[in-house]
Amino acid sequence: MKKILAVDAVGCLVDLNGNIDNHIFKIINKYKNRKIVLTNANDEEKKIFLKNISYEIFSLKHNPEKTNPIYYEKFLSEYNIKAENVIYFEHNIKAVKSARLNNITTHHYDGIIDNLNIFLKKNLD
């Protein structure tokens, strides 16, 4: 199975106004892998932050937050995928640790594009 690329929404793919980070957008679009945006956004927040996103979006609407490992359990269950088939990058270190507790290969995106590039090249088909 080709790995799924899970992408953090606000803080990685988009800013607080819903503007897409073109550097990240170009990088992830080089890969043919299925892309799913992971967010905490509720319906109102999605209208603001995710208005320009055409990828699949997964949200539990803050119940629980991504800092809770249950969020990722529900994500994996919803899509019927195994953790080893997901590659994820996220800006919130607590959410990174939470995803890792579910054995998801996760990169803490700290704004350094080169490190993100290396992580994706290393882990995607």
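Located above this text is the structure these notes cover.
Presented here is an overview of the structure given in this document.

What follows is about the sheet that holds strand β4 (residues 86-90). Read across the sheet, five strands follow the order β3-β2-β1-β4-β5 without closing on themselves; strand pairing throughout is parallel. Strands at the two margins of the open sheet, each flanked by one partner only, are β3 (56-59) and β5 (105-108). Adjacent strand axes in the sheet meet at a mean angle of 25 degrees when their direction is disregarded. Along the sheet, helix α3 (residues 69-79) makes contact with β1 (4-8), β2 (35-39), β3 and β4, crossing β3 at roughly 135 degrees.

This brings us to the packing of aromatic side chains. Per the counting criterion, the structure on display carries eight aromatic pairs. Between Y71 and Y72, the ring centres sit 5.0 Å apart and the planes meet at 70 degrees, which makes this aromatic pair edge-to-face. Each member of the pair, Y71 as well as Y72, is classed as buried.

Bringing the side chain of K35 into the picture now. Mapped onto the secondary structure, K35 falls in strand β2. Of the buried charged residues, K35 lacks a salt bridge, with E56 as the closest side chain of opposite charge at 9.7 Å. Polar side-chain contacts of K35 include one of 2.6 Å to the backbone oxygen of Y31. Here the side chain of K35 touches N33 through a polar contact of 2.9 Å, landing on its backbone oxygen. Excluding its chain neighbours within four sequence positions, the residues that come into contact with K35 are L5, I28, N29, Y55 and E56.

This part takes up the pairing of β5. With four bridges connecting them, β4 and β5 associate as parallel partners. For E90, the partnering residue across the bridge sits in β5 and is H108. Crossover connection from β4 via helix α4 (residues 93-101) to parallel β5: handedness right-handed.

Thresholds, definitions, all that
- Residues numbered from 1 in each chain as written.
- Predicted model: local features only at pLDDT ≥ 70, side-chain atom pairs only at ≥ 80, totals over all residues.
- Heavy atoms only, no water.
- Pairing = 2+ DSSP bridges.
- Helix = DSSP H or I, 4+ residues; strand = E, 2+ residues; numbered from the N terminus.
- Axes fitted to C-alpha atoms, helices over the stretch in contact; angles between N-to-C directions.
- Contact = heavy atoms within 4.5 Å.
- Phe/Tyr/Trp six-rings, centres within 6.5 Å; stacked < 30°, edge-to-face > 60°.
- Buried < 20%, exposed > 50% of the residue type's maximum accessible area, 1.4 Å probe, protein only.
- Lys, Arg positive; Asp, Glu negative; His and termini not counted.
- Salt bridge = Lys/Arg side-chain N within 4 Å of Asp/Glu carboxyl O.
- Polar contact = N/O pair within 3.5 Å; in protein donor to acceptor, adjacent residues only side chain to side chain.
- Right-handed = clockwise from strand over helix to strand, strands pointing away.

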